[in-house]
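Residues per chain are reported as follows:
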Amino acid sequence: MQTTYVPRKRYSSSLFYRLLISFIIIILLLVSFNVASFTFFRSSIREEIIKNSSLNLDTTVASYEKNISLIKSLLVSLYFNTHTEALKNNPQKLDFYVSSQVQRELQNVLANNQLSLYNIIYYFPNRDFVIDKDGSRDAQMMFSKFYTSPTYPEQFWSTETGKSSLSFRVYPSAEFQERTSFSTRSFGKFNPVLFKSAATDGFAIIALLDSDQMFEAFSHFQADSGFYILDDAGGTTYAVSSRKDPLQLKPHTGSSGYYLEGTNYYFYKQGAVTGNTYVLIVPFATISEQFFKLNVFMVGLILLSIIIGVGISIVFAKRFNNPLTTIISSIQQIEGHQSAPFVSPIREFNVISQKLHDLFLTNETINRDLLSKNSLLKHYAYLNKVKMIHTDIEDAKISIDSDKPYVIVLYQLMYIDNQLAAMDMDPNRASYYIKEFVQSQFIQAYKDALTFQIEKDQILTIIFTNDSELSVLDNLLLDIKKIFELDASYCSVTIAVSPVHDNAFIFNEAFENTLLLAKQRKLGEGVQIIRDKEILPPDLWFSPANMKEFTANLNSGNHAITIPIVTKTLELAVKRGASYAQIHDLAKEIVNLIIKTLYSSHNPISLLDDKRSPADILRNCRTLEQFQQFFKEILTQSASDIRQKKEATDHITSFVTNYVNEHFGSDLSLDLLADKLNITGAYLSTYFKEKTEINFSDYVNTVRMNKAMELLEKTDLKIQDVSTLVGYYTIASFNRMFKKHTGITPSEFRRARMN
């Protein structure tokens, strides 16, 4: 019988087996190293887990103690500030102005939520009175209705405030609620904090700390851990734990440490500021479970590494065993952008060909995604150029940086407020829809055109084209104009078109010139396309003779003269070729002149009493007729007001009120009016107070402040001018009286009305 002999050299010289054995040897060496490393470090893992728990507790204690220290400093500063001292030093009478200032201070302090403060209460036990962020009220009502807790009734705080040895204390957390006749609302758990002077029991500050919020902010424990804060007597100040029985720590030496008792590790540390003991309870099962999971994970990882390593070794050995020329041929087929992967009689090469083909497809998908993201980056880069914002983005390669010829098209939107409101549409949303429409129109003719909104009423389109293709742009703008004309009833549009630019470095200058083109819009509704720059007329204003005649007839209520003067001035401006912006500015100046002239002569116009200010009405004027109609109404109304004042009857009270309302900008005194009535000042004071139930001086201040608020809200006069018009000759005295009357400064009042 003849046996078949296979030469041993056939297998030993095979590239496949040599590669496979080499990979397996490397894998076994790496696995041996991992096993040795894991065995070496396993003994210290438990100590590391315990050390990590101790560090977590140290971090939590430091955060709690720092927060309590900051709160104590805050309460000290509040206790000794000017307004608090004013309240403490006047126990018989409550100053409501000081009380409002204290309330505002508390609101400002509580606006910073980093200290976990929910509320701060100024407590006056002897006066049964409290002040907090929401106002002032009786102490009994405060702690029995608004902030009620069985643990902390009003009697508790009265007793604590009376303790002479107590100045600062943090009390255990408790549930606080608001109870009304109809519902009960829970605020959550608070740790009350009391601060007072040991020398007095007539005033104390009570702060409510959000217990759960502090725990969430300062703790970094596992979900199954327990946490306790114990006071110096061992009582629980705050706890997060599933256990029901009170916590009793073992007697221990030192201020920090840990021990194992039963199935739990107890980590403790004493705070340096409060003296409280912070306790972290970690179940022993948690540490053991982590240790066991680590063992399982490491063993599984080693086995998985061996399996994956051997599998990869076999795959790579087979792949490298094939002829190199065939691999290159397969790759060349795919690089030729074949619609289908290269087919080979060898199965392994089919797999390689398919994988490479898939990689090319994936690469194309990634490229498309990058193109989309690059489009967004381009919008951002262009917006930065328009706003002249310098950034550190180096890879934002935009088209104008490549010196492509470009044209800038700017759309200035002018909405009519009442028409827009009737459509239940706000300007921002309307501008967004218009931007999307413009973009859809341009992207069909110019694939790389960019359209974006730069202001709430401005849209910008950048087109990359040259002089030979401007006819396409002209036709496209005419089509867009026809669409815009359909919506002219609620929005007028100015389309400013720049010439072709081929220099990227003058982009900002080109944009500014396009803005100037948009300001050349003439009067009229609808859509205007502006391409060429023109010289606008300067000095649109009254002649000296017209100014003198206008102001004289304005004060006398002669609208038959004032209306034609304004009408002719506006017509002359239009005839000289003034733009809409110039005429609008001219109209604003005339309105300011009317207001200042009438208020200087103590003849304020009732048009300012309307809900819509003159500025709002002017903003919606588009045509010469609309501007003229506006001034016809305002001048007619002012003349009617002046005539009515001249026809009013006269007696003591009406004389005083009329005189004050007409001369509120002059120097007013009780003796001055008494002399005019031929009576004594004392009699006039008593008579006026009896008839009007208000003091003469208070009435004068009220009239002046009402006029000041009216001017601040409905005109754009400077605060200095308003101060002079209502009878205050220094801005400091005006600011002081205005703040006393309204609680805020004139500038704050104007900003509040503008928002």
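All figures in this text were calculated on a predicted structure; none of them were measured in a lab.

J.: Quick question: what am I supposed to make of a nonpolar patch on the surface here?
T.: Together, Ile-21, Ile-25 and Leu-29 make up an exposed nonpolar region whose accessible area comes to about 300 Å². Structurally, the position occupied by Leu-29 is in helix H2 (residues 15-41).

J.: Looking at this structure, how should I read unusual backbone geometry?
T.: Among all residues except glycine, the phi angle is most often negative; among peptide bonds, the trans geometry is most common. Its identity as a non-glycine residue notwithstanding, Asp-128 has a phi of 50°, on the positive side. Within the secondary structure layout, Asp-128 lies in the loop between strand E1 (117-124) and strand E2 (129-132). The class for Asp-128 is partly exposed, based on a relative accessible area of 33%. Non-glycine residue Asn-678 carries a positive phi angle of around 60°. Inspection of the secondary structure assignment puts Asn-678 in the loop between helix H22 (670-677) and helix H23 (681-692). A relative accessible area of 71% places Asn-678 in the exposed class.

J.: Got a minute to help me understand the sheet that holds strand E9 (residues 236-240) in this structure?
T.: Strands belonging to one sheet form pairs held by backbone hydrogen bonds; the direction of such a pair is parallel or antiparallel. The strand order across the open sheet formed by five strands is E9-E8-E12-E11-E10, and the pairing between neighbours is antiparallel. Because the sheet does not close on itself, it has two edges, and the strands there are E9 and strand E10 (256-261). Ignoring strand direction, the axes of neighbouring strands in this sheet form an average angle of 15°. Looking at chain direction, strand E8 (residues 226-230) and E9 are connected through four bridges and run antiparallel. When the bridges of E9 are listed, Tyr-228 appears paired with Ala-239.

J.: What am I meant to see in the sheet that holds strand E17 (residues 527-530) here?
T.: Overall, mixed pairing links the five strands, which are arranged E14-E15-E13-E16-E17 in an open sheet. Each end of this open sheet is capped by a strand with a single partner; those strands are strand E14 (450-455) and E17. For this sheet, the mean inter-axis angle between neighbouring strands, taken without regard to orientation, is 20°. Summarising the sheet, E14 and strand E15 (residues 458-464) pair through five bridges and their orientation is antiparallel. Across the sheet, Glu-455 pairs through a bridge with Gln-458, a residue of E15. Packed on one face of the sheet, helix H15 (residues 507-518) meets strand E13 (406-415), E14, E15, strand E16 (491-497) and E17 and runs near 40° to E13.

J.: Would you explain the environment of Gln-140 in this entry?
T.: Inspection of the secondary structure puts Gln-140 in helix H6 (residues 139-146). Assessed through its relative accessible area of 43%, Gln-140 is described here as partly exposed. Taking C-alpha positions, Gln-140 is 5.9 Å from Glu-154, a pair spaced 14 residues apart along the chain. When neighbours within four sequence positions are excluded, Gln-140 is seen to be in contact with Asp-128 and Glu-154.

J.: I would appreciate a short explanation of the packing of aromatic side chains in the present structure.
T.: Think of a pair of aromatic rings as described by two things: how far the centres are apart, and how the planes are tilted against each other in angle. The full count for this structure, using the stated rule, is 46 aromatic pairs. With a centroid separation of 5.2 Å and 15° between ring planes, the pair formed by Tyr-259 and Tyr-266 is classed as stacked. Connected via pairs of aromatic rings, a cluster forms that spans Tyr-118, Tyr-123, Phe-143, Tyr-147, Tyr-152, Phe-156, Trp-157, Tyr-171, Phe-176, Phe-187 and Phe-190. In this structure, Arg-127 is placed above the aromatic ring of Phe-124, and the distance from its NZ or CZ to the ring centre is 5.0 Å. The ring of Phe-146 carries Arg-137 above its face, with NZ or CZ at 4.4 Å from the centroid.

J.: I keep staring at the nonpolar core and nothing clicks. Help me out?
T.: In globular proteins that are soluble, nonpolar side chains generally tend to be buried together. Grouped together as the largest cluster of nonpolar side chains are 59 residues, with contacts concentrated most on Phe-550, Ile-594, Phe-627 and Phe-631. Counting residues per element, this core draws most heavily on helix H18 (residues 580-600), which supplies 11 residues. Beyond its immediate stretch of four places on either side in the chain, Phe-550 contacts Phe-542, Thr-562, Ile-565, Val-566, Leu-593, Ile-594 and Leu-635.

J.: How should I be thinking about the side chain of Glu-154 in this particular structure?
T.: Residue position: Glu-154 is located in helix H7 (residues 154-161). For the buried Glu-154, no salt bridge exists, and the shortest N-O distance to an oppositely charged side chain is 12 Å, to Arg-127. Glu-154 has contacts with Tyr-123, Asp-128, Ala-139, Gln-140 and Phe-143, leaving out every residue within four places of it along the chain.

J.: What exactly am I supposed to notice about the packing of H22 against H23 here?
T.: Think of two packed helices as two axes; the pair is described by the angle between the axes and how far apart they sit. Where H22 contacts H23, the axes come no closer than 8 Å and their chain directions differ by 100°. With respect to H23, the element H22 is oriented roughly perpendicular. Together, Leu-670, Asp-671, Leu-673, Ala-674 and Leu-677 of H22 and Gly-681, Leu-684 and Ser-685 of H23 make up the contact between the two elements. Grouping the amino acids of the contact of H22 with H23 by side-chain chemistry returns five nonpolar, two polar and one charged.

What counts and how
- Residues numbered from 1 in each chain as written.
- Predicted model: local features only at pLDDT ≥ 70, side-chain atom pairs only at ≥ 80, totals over all residues.
- Heavy atoms only, no water.
- Patch = residues over 30% accessible without salt bridge, like charges linked within 9 Å, V, L, I, M, F, W, Y side chains within 5 Å.
- Areas by Shrake-Rupley, 256 points an atom, 1.4 Å probe, with all protein chains shown as cover.
- Salt bridge = Lys/Arg side-chain N within 4 Å of Asp/Glu carboxyl O.
- Helix = DSSP H or I, 4+ residues; strand = E, 2+ residues; numbered from the N terminus.
- Buried < 20%, exposed > 50% of the residue type's maximum accessible area, 1.4 Å probe, protein only.
- Pairing = 2+ DSSP bridges.
- Axes fitted to C-alpha atoms, helices over the stretch in contact; angles between N-to-C directions.
- Contact = heavy atoms within 4.5 Å.
- Phe/Tyr/Trp six-rings, centres within 6.5 Å; stacked < 30°, edge-to-face > 60°.
- Lys NZ or Arg CZ within 6 Å of the ring centre and 35° of its normal.
- Core = buried A, V, L, I, M, F, W, Y, C linked by side-chain atoms within 4.5 Å.
- Lys, Arg positive; Asp, Glu negative; His and termini not counted.
- Parallel < 35°, antiparallel > 145°, perpendicular 65-115°, else oblique.
- Nonpolar A, V, L, I, M, F, W, Y, C, P; charged D, E, K, R; others polar.

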